[in-house]
Amino acid sequence: MIANHSQSTSNEQLQTALHAYPKLLSVARRITGCMSLAEDVVQEVLLQLVSKPLRQDIAAPTPYLMRMVRNLATDHMRRLRYERGLFVEEEVGDSTSAYGSPEEHLREAEAYKAFRCTVEAMPARTRKFYEEHYFDDVPQNIIAKEAGVSCALVCGLLREAHSRCLAAIALEADQAMASGRGHKRDRSLRAGELRA
């Protein structure tokens, strides 16, 4: 008798959902922006309804079903946006990687090495100020207050240290460019020798 009663309740709820199908589809389409996604969402709600009928105490099943569709469509769109954000799309016909070439990685590694050497060569207090300000985002006035020095001194030390770092990176880039040109020139000379 109990199974028969729950079966009739499930059938009534399913009939109510099928009667409200166009409204449910409209709500899902408004959220997803796509008819096929909307149909998938509504079908999933109907499957949930078949596998686990709504409780008996729900007085108005149609608004409840609409809320289920809204929630499921919203969750589906959030998941879709998240998944799309995980992957970087390459443009068609673009042969370069979004992650750069090995040469670019080598140049960046050399520039980082020059930067790191410059930071390590700084006096201890200047290095501490530099790391706190540029890596930990500590404002200059707080650094000055904690160290018991003037803000002008901290500002001057940071400016000088930053200029040194930029100069080291620029020097490394210039050397890399010069060695790259020299390497190309050596190859062209060797090619000329081979022809002769």
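Every value quoted in this text rests on a predicted model; they were computed, and no experiment measured them. (Residues numbered from 1 in each chain as written. Predicted model: local features only at pLDDT ≥ 70, side-chain atom pairs only at ≥ 80, totals over all residues. Heavy atoms only, no water.)

Draft legend 1. Spatial organisation of the pattern of salt bridges. Enumeration over the complete set of coordinates arrives at four salt bridges. In this structure, the salt-bridge partner of Arg 116 is Glu 120, at a minimum N-O distance of 3.8 Å. Residue Arg 116 and its partner Glu 120 are located together in helix α5 (residues 102–121), separated by four residues, close to a single helical turn. Of the residues examined, Arg 116 reaches a relative accessible area of 35% and is grouped as partly exposed. (Salt bridge = Lys/Arg side-chain N within 4 Å of Asp/Glu carboxyl O. Helix = DSSP H or I, 4+ residues; strand = E, 2+ residues; numbered from the N terminus. Buried < 20%, exposed > 50% of the residue type's maximum accessible area, 1.4 Å probe, protein only.)

Draft legend 2. Representation of helix α2 (residues 21–32) in the model. Its twelve residues place the ends of α2 16 Å apart at the C-alpha level, agreeing with the 16 Å of an ideal helix rising 1.5 Å per residue. One or two residues past the end of α2 sits Gly 33, with phi positive at roughly 80 degrees. (Expected span 1.5 Å × (residues − 1).)

Draft legend 3. Examining the packing of aromatic side chains more closely. The final tally for this structure, using the stated rule, is five aromatic pairs. Ring centres of Tyr 112 and Phe 115 lie 6.5 Å apart, and the angle between their planes is 35 degrees; on these two criteria the pair is classed as tilted. Taken as a pair, Tyr 112 and Phe 115 lie in helix α5 at a separation of three residues, close to a single helical turn. By relative accessible area, Phe 115 is classed as buried at 17%. Taken together, a centroid distance of 6.2 Å and an interplanar angle of 85 degrees make the contact between Tyr 130 and Phe 135 edge-to-face. (Phe/Tyr/Trp six-rings, centres within 6.5 Å; stacked < 30°, edge-to-face > 60°.)

Draft legend 4. Expanded view of the packing of helix α3 (residues 35–51) against helix α4 (residues 61–86). Across the interface, α3 lies against α4 with an axial gap of 9 Å and an inter-helix angle of 125 degrees. Relative to α4, the element α3 is oriented oblique. Taken as a pair, α3 and α4 cross one another with a handedness that is right-handed. Counting all contacts with α3, which are made through Leu 37, Val 41, Val 42, Glu 44, Val 45, Gln 48 and Leu 49, the residues of α4 involved are Leu 65, Met 68, Val 69, Leu 72, Ala 73, His 76, Met 77 and Leu 80. Classifying every residue of the contact of α3 with α4 by side-chain character gives twelve nonpolar, two polar and one charged. (Axes fitted to C-alpha atoms, helices over the stretch in contact; angles between N-to-C directions. Parallel < 35°, antiparallel > 145°, perpendicular 65-115°, else oblique. Left-handed = near helix turned anticlockwise from the far one by under 90°. Contact = heavy atoms within 4.5 Å. Nonpolar A, V, L, I, M, F, W, Y, C, P; charged D, E, K, R; others polar.)

Draft legend 5. Just the side chain of Glu 132, in detail. Relative to the helices and strands, Glu 132 resides in helix α6 (residues 124–136). Beyond its immediate chain neighbours, meaning those up to four positions away, Glu 132 contacts Asp 137, Val 138, Ile 143 and Glu 146.

Draft legend 6. How the structure looks around the confidence of the model for the protein chain. Confidence along the protein chain averages 79 in pLDDT terms, with 80% of residues attaining 70 or more. Confidence, expressed as mean pLDDT per element, reaches its minimum in the protein chain at helix α1 (residues 2–19) with 65 and its maximum at helix α7 (residues 140–147) with 92. For residues 185–196, every residue scores under 50 in pLDDT, and the model assigns this stretch zero contacts once sequence neighbours within four places are set aside. (pLDDT = per-residue confidence, 0-100.)

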